[in-house]
Amino acid sequence: MFGAAALTFPFQNIEIGEKDTGMDKRRAIQIMAESAGLYHLNLEDQKILFLYGAASEVRKQLNSEGNRLMAIKSYEVAFHRYNFLHLTGVKANNTRVDSAIHFYEKCLANRLTENDFDFAKDGSTVQKLDVLENMMGMKRNAMMIGDFTGRGPKLFTEKAAGNICGCIGFVKDRNTGLNVPNTLLKKDIRDVVANPVQKIYAVFSKMYMDEKYSVAEKMDKSFRGTKILFSEEIEKLLERENQDMESD
């Protein structure tokens, strides 16, 4: 068994008929081990808050006399240890791997073997592994977010965040009520989310059990030199003391 999320959110993310090419299991293990290390450092047991909006609306409000950006919306996601397997696109061998967390721990410890997993038959695995390592840095490199349109067969996710090279899809976990990652796509995010595409203006993070978001991971340059306030709902999520709200 691979945890509640794995049972609740099955997914496939590429058209049937495409085949995995150009990668063997040894290379896949290397990618997954390196990516697991980055996931551990950057995402594991963290919640991330994306602040986003339509560029034209945000720009209009920035040019007005007020400084409260009501055009900015928020989307919270949580990253658990058991979510990592979903992002790799491999199918774990349940005779050798006890759970999604066990798979992740094997990756972290460099103990994953070629017998522990198989590539997906639909050809999606290599597509995911091609962008997996890059997307472990999504707190910094996610540029856009939007509602997933469901284009293509057997694509199951609700919202996606990423850039022109790839994106991570999120769904609400039925057990926790939290938005969690359930797939990774090697696709231009503009091709898989509804128009108009929403620009990510800021990204905040906190450890899973923390009450408020205390780390500003990313801030759009248009906010530089300006005291920016968001909606009251968003402000309640932020720890403003000792927090640098300037852009990078």
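Predicted, not measured: the structure shown is a model, and the values here were computed from it.

1. A word on the side chain of S231
No. 1: When you line up the elements, S231 lands in the loop between β10 (215-219) and α8 (232-235).
No. 2: Leave out the neighbours within four places in its chain, and S231 touches R68, L69 and M70.

2. Topic: the pattern of salt bridges
No. 1: Taken as a whole and assessed by the stated rule, the structure comprises 11 salt bridges.
No. 2: For the salt bridge of R96 with D116, the shortest nitrogen-to-oxygen distance reads 2.8 Å. In this pair, R96 is assigned in the loop between β3 (90-92) and α5 (100-108) and D116 in the loop between α5 and β4 (117-119), connecting sequence segments 20 residues apart.
No. 3: Residue E235 is joined to R240 by a salt bridge in which the shortest nitrogen-to-oxygen separation is 2.4 Å.

3. Comments concerning the pairing of strand β9 (residues 198-207)
No. 1: Counting buried positions over the 10 residues of β9 gives 8, a clear majority of the element.
No. 2: Judged from the 8 bridges that link them, strand β1 (residues 46-53) and β9 form a sheet pairing that is antiparallel. Bridged to I48 within β9 is S205.
No. 3: Sheet analysis places strand β5 (residues 144-147) next to β9, joined by 2 bridges and oriented antiparallel. Bridge pairing in β9 links I145 to Q198.
No. 4: Bridge analysis of β9 against β10 gives 4 bridges, and the strand direction is antiparallel. Note on β10: the bridge partner recorded for V203 is K218.

4. What to know about unusual backbone geometry
No. 1: For the bond running from N195 to P196, omega is -5°, close enough to zero to count as cis.
No. 2: Unusually for a residue other than glycine, D45 sits at a positive phi of about 60°.
No. 3: You can see D45 is positioned in the loop between α2 (25-42) and β1.
No. 4: Its relative accessible area of 32% is what places D45 among the partly exposed residues.

5. Focus: the packing of α2 against α5
No. 1: Put simply, α2 and α5 touch, their axes get as near as 8 Å, and they point 105° apart. In terms of orientation, α2 and α5 fall into the roughly perpendicular class. Between α2 and α5, the residues in contact are M32, A33, A36, G37, Y39 and H40 and F103, Y104, C107 and L108, respectively.
No. 2: Residues belonging to the contact of α2 with α5 are distributed by class as follows: 8 nonpolar, 2 polar and no charged.

The rules behind the values
- Residues numbered from 1 in each chain as written.
- Predicted model: local features only at pLDDT ≥ 70, side-chain atom pairs only at ≥ 80, totals over all residues.
- Heavy atoms only, no water.
- Helix = DSSP H or I, 4+ residues; strand = E, 2+ residues; numbered from the N terminus.
- Contact = heavy atoms within 4.5 Å.
- Salt bridge = Lys/Arg side-chain N within 4 Å of Asp/Glu carboxyl O.
- Buried < 20%, exposed > 50% of the residue type's maximum accessible area, 1.4 Å probe, protein only.
- Pairing = 2+ DSSP bridges.
- Axes fitted to C-alpha atoms, helices over the stretch in contact; angles between N-to-C directions.
- Parallel < 35°, antiparallel > 145°, perpendicular 65-115°, else oblique.
- Nonpolar A, V, L, I, M, F, W, Y, C, P; charged D, E, K, R; others polar.

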